[in-house]
Amino acid sequence: MAKLILSMDGLVLKEIPLTKERMTIGRKPHNDIQIDNLAISGEHAALVTILNDSFLEDLNSTNGTLVNGQPIKKHFLQNGDVIELGKYKLKYIGELPAAKDGAADFEKTMVLRPGAMRPPELAAAPDVPAAAQSFGDTHANMVATPVSPAPAAAAPILGAIQILSGANAGKELELVKTLTTLGKPGVQVAVITRRPHGYFITHVEGGQFPVVNGKTLDAQAHPLGDHDVIEIAGVKMEFFLKN
C-alpha cells in the first residue's frame, strides 16, 4: 500500500497509509490528513489513488502546492516525490517502483481529442492479452516452451465506450488498459479503471464530478454497468460490454 511520510525540518512526524481512493489534505479537522498550520488552506490538496497509482491535485490553495520544489496544479506522483506544504513535507512512497522514462504514464492515459480515436469499424483490438498491450514489447522477451494444452479459461469481459456527442461522436475506444483517463486537463478529468470484477469510474480533477445516467457522482469510485451513459467535460459517452 502506498503511503506518505510527514515531516517538518527533517523530523519525521508520522506515516500515513493511503487507505482511501480520495483523501484530502488541509488545515480543517474534516480533512483525511489534517495539518494545523496557518500556511495551509482549509482544504489545500487532494490525493486520488487508483490501484498502484496516485494523483495529487492542488485545490486552489492560497500558498500553492510544490512537488520536488516545483509548483503544481495536478501531478502524477512517482515513488520518492516530495510534496511541500509550507514548512511541512510529505514524501510519497509508492507500492511499486515508478517508471523512469515516463512511457508507462503515457501508456495508461487516453485523453479525448478530435481525431485521436479510431472509427468503430477499426476499433477491434488484436487478440493480444491485456498485460502485453499495457507493457509494450515486454512479451517479446518471453520464451515459448512446449506444454500440455490447458483447459480453456473464460475470456475476461472487455469494456468499451462510444462517444455520443462532440467532435468524436460515433467513435469507439476499447478499455484494454488498467487505467484510461478521459476528459479535458484543467477542466474535468476522470479515470476508468479495469479491475478483475468490472470497470469503475473515479473523479480526478475539476470542480464538477462525472455524471452517470443523469446522476452526479461523488468522490468515490463508481461501478459501471452495461450501457451506462457518462458525461465528462460536456461530452456524453456510452459504456458497454463487448463480450
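First, a word on scope: everything that follows refers to the structure included in this document. (Residues numbered from 1 in each chain as written. Predicted model: local features only at pLDDT ≥ 70, side-chain atom pairs only at ≥ 80, totals over all residues. Heavy atoms only, no water.)

What to know about the environment of Asn37
Line of reasoning, step 1. Tracing the backbone through its elements, the reader meets Asn37 in the loop between β4 (33-34) and β5 (45-50).
Line of reasoning, step 2. Exposure remark for Asn37: the relative accessible area of 25% places this residue in the partly exposed category.
Line of reasoning, step 3. Separated by 48 residues in sequence, Asn37 and Leu85 have C-alpha atoms that sit 9.6 Å apart.
Line of reasoning, step 4. Asn37 has contacts with Arg27 and Tyr88, leaving out every residue within four places of it along the chain.
Line of reasoning, step 5. Here Ala39 takes part through its backbone nitrogen, which lies 2.9 Å from a polar atom of the side chain of Asn37. (Helix = DSSP H or I, 4+ residues; strand = E, 2+ residues; numbered from the N terminus. Buried < 20%, exposed > 50% of the residue type's maximum accessible area, 1.4 Å probe, protein only. Contact = heavy atoms within 4.5 Å. Polar contact = N/O pair within 3.5 Å; in protein donor to acceptor, adjacent residues only side chain to side chain.)

Thoughts on unusual backbone geometry
Line of reasoning, step 1. Residues other than glycine seldom take positive phi values, yet Asn60 does so here, at roughly 55°.
Line of reasoning, step 2. The phi angle at Asn68 is positive, at roughly 55°, despite the residue not being glycine.
Line of reasoning, step 3. In this structure, Asn68 sits in the loop between β7 (65-67) and β8 (70-72).

As for the nonpolar core
Line of reasoning, step 1. The biggest cluster of nonpolar side chains holds 21 residues, and the ones touching the most others in it are Leu4, Ile35, Leu56, Ile83 and Leu90.
Line of reasoning, step 2. Not counting chain neighbours up to four residues away, the residues in contact with Leu4 comprise Lys14, Glu15, Ile16, Leu18, Ile33, Leu47, Ile83, Leu90, Lys91 and Tyr92.
Line of reasoning, step 3. Core analysis: the next-biggest nonpolar cluster, separate from the first, contains 20 residues, Ile163, Leu175, Leu182 and Ala190 among them. (Core = buried A, V, L, I, M, F, W, Y, C linked by side-chain atoms within 4.5 Å.)

Focus on the side chain of His203
Line of reasoning, step 1. Tracing the sequence through the fold places His203 in strand β16 (residues 198-205).
Line of reasoning, step 2. Classification of His203 by relative accessible area gives buried; the value is 2%.
Line of reasoning, step 3. Once residues lying within four places of it in the same chain are set aside, the contact partners of His203 are Val48, Val189, Ala190, Gln208, Phe209 and Pro210.

Side note on the sheet that holds strand β18 (residues 215-216)
Line of reasoning, step 1. Overall, antiparallel pairing links the six strands, which are arranged β13-β12-β21-β20-β17-β18 in an open sheet. Of all the strands in the sheet, just β13 (172-174) and β18 have a single pairing partner and so form its edges.
Line of reasoning, step 2. One ladder, built from five bridges, connects strand β20 (residues 228-232) with strand β21 (residues 235-241); its direction is antiparallel. Counterpart to Val229 in the pairing with β21 is Glu238. (Pairing = 2+ DSSP bridges.)

Examining the pattern of salt bridges
Line of reasoning, step 1. One pass over the full model with this rule turns up six salt bridges.
Line of reasoning, step 2. In this structure, Lys3 engages Glu15 in a salt bridge whose closest nitrogen and oxygen atoms are separated by 3.1 Å. Residue Lys3 is located in strand β1 (residues 3-8), and its partner Glu15 is located in strand β2 (residues 11-17); the two are separated by 12 residues in the primary sequence.
Line of reasoning, step 3. With its nearest N and O atoms 3.0 Å apart, the salt bridge here joins Lys242 to Glu174. On the criterion of sequence distance, the pair formed by Lys242 in the segment after β21 and Glu174 in strand β13 is long-range, its members being 68 residues apart.
Line of reasoning, step 4. One network of salt bridges, in which partners are shared, links Glu172, Glu174 and Lys242. (Salt bridge = Lys/Arg side-chain N within 4 Å of Asp/Glu carboxyl O.)

Read these as layout, nothing more, since geometry by itself doesn't imply function.
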